[in-house]
Number of protein chains: 2
Amino acid sequence: MSNLSSTIERYINELFGSEVESGKSSVFLRRKELAASFGCVPSQINYVLRSRFTPEKGYLVESQRGGHGFIRIVRLSYENIEDRLKHVDDIVGESLSGQDREKILAALHDRGLINAKERLIIEVALRYADELGRSEFDLSPYKRGVIQASMLRRILRSLALA
Amino acid sequence: MSNLSSTIERYINELFGSEVESGKSSVFLRRKELAASFGCVPSQINYVLRSRFTPEKGYLVESQRGGHGFIRIVRLSYENIEDRLKHVDDIVGESLSGQDREKILAALHDRGLINAKERLIIEVALRYADELGRSEFDLSPYKRGVIQASMLRRILRSLALA
DNA sequence: TTTTTCTTGACCAAAACTGACCTTAAGGTT
DNA sequence: AACCTTAAGGTCAGTTTTGGTCAAGAAAAA
């Protein structure tokens, strides 16, 4: 529990403050300073970012090297995560056929969980994965469906956090 | 907080003014004057242009040496579909490294071509493809980059057409 | 015991900035 | 014209300042 990474994670979360509702808040860090203040090597910070502040969890991380470099963590809001997450596993099964895909995306769109543009992006990504699995890796339709299902689950999870 | 380059970048952006809707606006500079007014060497201006006013960010830079020399920065707009498609192919190369991915998505986000949520979806989809290519199919980093590049191209093309 | 997560340090990459040296254009001089 | 001078801007390599990556070992969890 009280390992360094979790401590640093907690510290960064405190930096975000308690403004739970704001749609999109962000925090700036200096890698070297942060590492120094926790008495660890700088790459430890990268580890924390890589393992805790991922897009899959609703965060975007940007950075700049060189003089006045920085690390910026963007959090895309944070509300009734539980509810929305619950839907995701309900809605997306183990494997997704082409027809499932359309039906599910239509349903998500209807329910207002995604808008038209988001639906388009997801659709294109899933179809590309399907096509690649067929033409490049010669996968069975079922396996391709499994891949699409996990990709969709990931996207929806990250969206649920966002 | 900010470095010189970013300050100069901001200044130039102010020169463009807020006429967001004029199809193709441009700005003229004298390199030496600008450098003098920011108290830096002239080549600093070239650095700012090279790093901030790139085609990827939607700009073209022209210049003329000699007496009455100048630097002209043109802000491009992509009104018709062909231009947008061409721009997509322009900025997404053959293969994408993890850093290319972040840079391109950040640039598209900055320019308002995608919003934070859309960026998150794309990011998660690309990362999933990358991870799958690595852990499931044991692909080389380059090949994984190729896959991500084509996936991103498809997504952006579909958005350009929409 | 096996697997996953954490931690570290050596090495790498990129951004910012500077200054010495190069190229090009305009306009005057011969 | 041909040449020279002056007034731009361009390039490049070196330095400094950050952050990034990766692999190996330690610690914790399963």
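Right, let's walk through the structure included here.

A few points about the packing of helix H1 (residues 4–15) of chain A against helix H3 (residues 43–52) of chain A
Residue and element names in this part refer to chain A.
Point 1. Running from amino to carboxyl end, H1 crosses H3 at an angle of 75 degrees, the nearest separation of the two axes being 10 Å. Judged by the angle between their axes, H1 and H3 are roughly perpendicular. Touching Leu4, Ser5, Ile8 and Glu9 of H1 are Gln44, Tyr47, Val48, Ser51 and Arg52, all from H3.
Point 2. Each residue belonging to the contact of H1 with H3 can be placed in one class, and the counts come to four nonpolar, three polar and two charged.

Regarding the interface of chain B and chain A
Much of the literature gives interface size as the accessible area that the parts lose upon coming together.
Point 1. On the side of chain A, 26 residues touch chain B, which itself brings 26 residues to the contact.
Point 2. For the side of chain B that touches chain A, the secondary structure elements donating two or more residues are helix H5 (98–110), helix H6 (116–135) and helix H7 (141–161) of chain B.
Point 3. With 14 residues, H6(B) is the single largest residue contributor to the side of chain B that touches chain A.
Point 4. Looking at the side of chain B that touches chain A, its residues break down into 16 nonpolar, three polar and seven charged.

Considerations on the protein's contact with DNA strand D
Point 1. By nearness alone, 28 residues border DNA strand D, and Ser43(A), Arg65(A), Gly69(A), Arg31(B) and Gly69(B) come closest of all.
Point 2. Elements with a minimum of two residues in the surface near DNA strand D: helix H2 (31–38), H3 and strand E3 (70–76) of chain A together with helix H2 (31–38), helix H3 (43–52), strand E3 (70–75) and H5 of chain B.
Point 3. For the surface near DNA strand D, a count of residues per class yields five nonpolar, 15 polar and eight charged.

Describing the sheet that holds strand E2 (residues 59–64) of chain B
Residue and element names in this part refer to chain B.
Point 1. Reading across from one edge, E1-E3-E2 is the order of the three strands in this open sheet, with antiparallel pairing throughout. The open sheet has two free edges, formed respectively by strand E1 (26–29) and E2, since each of these has just one partner strand. The average angle at which neighbouring strand axes cross in this sheet is 20 degrees, direction not considered.
Point 2. Relative to E3, E1 runs antiparallel, the two being bridged by four bridges. Bridged to Leu29 within E3 is Ile71.

Calculation notes
- Residues numbered from 1 in each chain as written.
- Chains lettered and ligands numbered in written order.
- Predicted model: local features only at pLDDT ≥ 70, side-chain atom pairs only at ≥ 80, totals over all residues.
- Axes fitted to C-alpha atoms, helices over the stretch in contact; angles between N-to-C directions.
- Helix = DSSP H or I, 4+ residues; strand = E, 2+ residues; numbered from the N terminus.
- Parallel < 35°, antiparallel > 145°, perpendicular 65-115°, else oblique.
- Contact = placed C-beta atoms within 7 Å.
- Nonpolar A, V, L, I, M, F, W, Y, C, P; charged D, E, K, R; others polar.
- Near = placed C-beta within 6 Å.
- Pairing = 2+ DSSP bridges.

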